[in-house]
Amino acid sequence: MSDESKKDSELMKKIVSLCKSRGFIFQSAEIYGGLNGCWDYGPLGAELKRNLKEVWWRRNVQERDDIVGMDGSILTHQEVLKASGHVGGFSDPMCDCLLSKARLRADQIPEQSGTVYSYTGASHEESGWSVNKPYSVLLTEGQDPNKAKKTARLYYSQFLTDKQISPKKLELTDESTQQVENVTNFNPENGSLLTEARQFDLMFKTHMGASAVDNDPAAVAYLRPETAQSIFVQFKNVLETNRMKLPFGIAQIGKSFRNEINPRNFTFRSREFEQMEIEFFCYPEDGMKLTDEWLENRLCFYEDIGIPREHLHILDVPDGERAHYSKKTYDIEYEFPFGIQELEGVAYRTDHDLKAHQESSGKSLEYFDDQKKEKIIAHVVEPSAGCDRTVLALICEAFDEETITDDKGKQEIRTVMRFDPKIAPIKAAILPLLKNKPELVEKAREIQKILQPVMTVSYDDGGAIGRRYRRQDEVGTPFCITVDFETIGEEGSEDLKDTVTIRERDSMEQTRMPISELLQFLIAKIH
RNA sequence: GCGGGUAUAGCUUAGUGGUAAAGCUCCAGCCUUCCAAGCUGGCUACGUGGGUUCGAUUCCCACUACCCGCUCCA
């Protein structure tokens, strides 16, 4: 591991540990040993995620005339997912190399021709050991026939109980050869036979209702693998009930489920995750242009919530790597400590989805174009963001360790979560300077009552004031409001009465402000 | 799915075939007039299940979870 990636791995460890110790993210069912690929948000994580979703909704639905929201069911009719191509085609056929155990995509193995050497087993005379398993090796033209024997011995040697026996001492049984052309069931790397191609079903399947028959195929339903399909399926209803005119969008935030083979990287790839999606319907001729516009719009959004553009990467997904229905796809990626990974895809999906559902359901999903006096199938541009991934990006982006030197020259590390105030879990902490002075405590509680109806605040009177500031730094609270002796009029001039100090998280600077102005000041900062 | 590693308190770590130590955090109290002060007291842990053993947190096996590298990510 390079120094750089070691450093990043250490950084990720710190972030994961802070998430746990401060109550952002816990492992799901931790007391039972954990559930693979599932995570729970603790009190602060829940606030953070809620804030993200609220900003997203406000920017994309509340503040726009041309986008409306919906909230579809998670349990999904199997016909919906047959039409969308998820049932049957959702996963890639995979096969494993019997020798190296490498996993390959069956549809990406190049065709090969040559001679297949087949065996029925192997034995070791001295020890009396033997195994019966058919196996074969493909040799392409010009390869040494001994290579087939060598590969086969290596394969059979993995079944040896006595690992001291050299593969070279194995006798192969019943060698036969056969010429083949354009086959794909051998590993191009080593010629070894592959397992049969298997479909990995990435959808969670369930059965609905109390069916008389076990596994009644009519009762099958799925947990949705994406939120998009419920939008397409409700396209007509939304269009008609809300008198929408092209171009317009339907937005949705909700959970989706994929039975990932290999969840990894903390919450980044998990089996249950939340998406924030817009299906923006448009005229066919505007699709490409709108895709570019949405990319820009989305980049601005990330900037708005505190993820600077220089930490984002735009991947213009090339031909052949896009989904078959997409004419253009941008991936917006973020520099996570564990690598550059996708946060959001902006995909021009053409009329593929509406067309598929129209054909499959037999119901018209057309749009009547008033100008041209004709019916068309709307095209769609889809900005689809991963909510949990964005939360993780926000946490990674916010995390900072600052070395500060005090008056005596002593150095210490200050851990600060530099969340944008808009998404910070706690907006302000209210701190009486001392807790054994009832007047201070009482005033602080009054301020808490003023702010509480409008924002999430925290009251803290435990320990020295400096400690409390640091505690708030570590959870990213942007403002600390301190009630001191000037506030209650016991010290300083009369004009300082009913003013408090506001300590800003990033600069650690303090300003004084009348209590009456607090609410307006904070609202402006957090909106 | 393969290979490698790890699992002790809320966090970070120490340690032992005879059930565990420390720092930080946290809680209570005292004190404290602005950046992790001090004092006193307190809560809390050997991932789960088997096996070996008089006795296992320690040794062995399996499982689970997490991390790293492959693989995969419609």
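Structure: above.
Below, the structure is looked at part by part. Nothing here was measured: the structure is a model prediction, and the numbers come from that model. (Residues numbered from 1 in each chain as written. Chains lettered and ligands numbered in written order. Predicted model: local features only at pLDDT ≥ 70, side-chain atom pairs only at ≥ 80, totals over all residues. Heavy atoms only, no water.)

**Notes on the side chain of Asn 187**
Right, so step 1: Among the structural elements, Asn 187 can be located in the loop between strand S10 (176-183) and strand S11 (198-199).
Right, so step 2: When neighbours within four sequence positions are excluded, Asn 187 is seen to be in contact with Cys 97, Ser 100, Leu 104, Gln 112, Ser 192 and Leu 194. (Helix = DSSP H or I, 4+ residues; strand = E, 2+ residues; numbered from the N terminus. Contact = heavy atoms within 4.5 Å.)

**Focus on the pairing of strand S27 (residues 499-504)**
Right, so step 1: Among the six residues that make up S27, five are buried, leaving the element largely enclosed by the rest of the structure.
Right, so step 2: Between S27 and strand S28 (residues 510-514), which follow one another and run antiparallel, lie five residues, and Met 508 among them has a positive phi close to 60°. (Buried < 20%, exposed > 50% of the residue type's maximum accessible area, 1.4 Å probe, protein only. Pairing = 2+ DSSP bridges.)

**Some details on the packing of aromatic side chains**
Right, so step 1: Within this structure, the stated rule accounts for 19 aromatic pairs.
Right, so step 2: Considering the side-chain rings of Phe 268 and Phe 338, the 5.7 Å spacing of their centres and the 65° angle between planes classify their relative orientation as edge-to-face. With Phe 268 in the loop between strand S14 (248-257) and strand S15 (272-282) and Phe 338 in the loop between strand S17 (328-336) and strand S18 (339-350), the pair connects residues that are 70 residues apart, well separated along the chain.
Right, so step 3: Its relative accessible area of 4% is what places Phe 268 among the buried residues.
Right, so step 4: Three or more aromatic residues joined by ring pairs form one cluster here, namely Phe 232, Phe 235, Phe 248 and Phe 281.
Right, so step 5: One residue, Arg 389, lies across the ring of Phe 268, its end atom 3.9 Å from the ring centre.
Right, so step 6: The ring of Tyr 459 carries Arg 445 above its face, with NZ or CZ at 3.5 Å from the centroid. (Phe/Tyr/Trp six-rings, centres within 6.5 Å; stacked < 30°, edge-to-face > 60°. Lys NZ or Arg CZ within 6 Å of the ring centre and 35° of its normal.)

**Points about the sheet that holds strand S25 (residues 457-459)**
In a beta sheet, neighbouring strands pair by backbone hydrogen bonds and run either parallel or antiparallel.
Right, so step 1: The five strands are arranged S25-S24-S26-S27-S28 in an open sheet whose pairing can be described as mixed. Single-partner strands in this sheet number two, and they are S25 and S28. With direction set aside, neighbouring strand axes in the sheet form an average angle of 25°.
Right, so step 2: In this structure, S27 lies alongside S28, joined through five bridges in antiparallel fashion. Within S28, the position partnered with Thr 499 by the bridge is Pro 514.
Right, so step 3: In the packing of helix H11 (residues 438-451) onto the sheet, the strands contacted are strand S24 (428-432), S25, strand S26 (479-483) and S27, and the crossing angle to S24 comes to about 160°.
Right, so step 4: Most of the contacts of helix H12 (residues 465-475) go to S24, to which it runs at about 170°, and overall it touches S24, S25, S26, S27 and S28. (Axes fitted to C-alpha atoms, helices over the stretch in contact; angles between N-to-C directions.)

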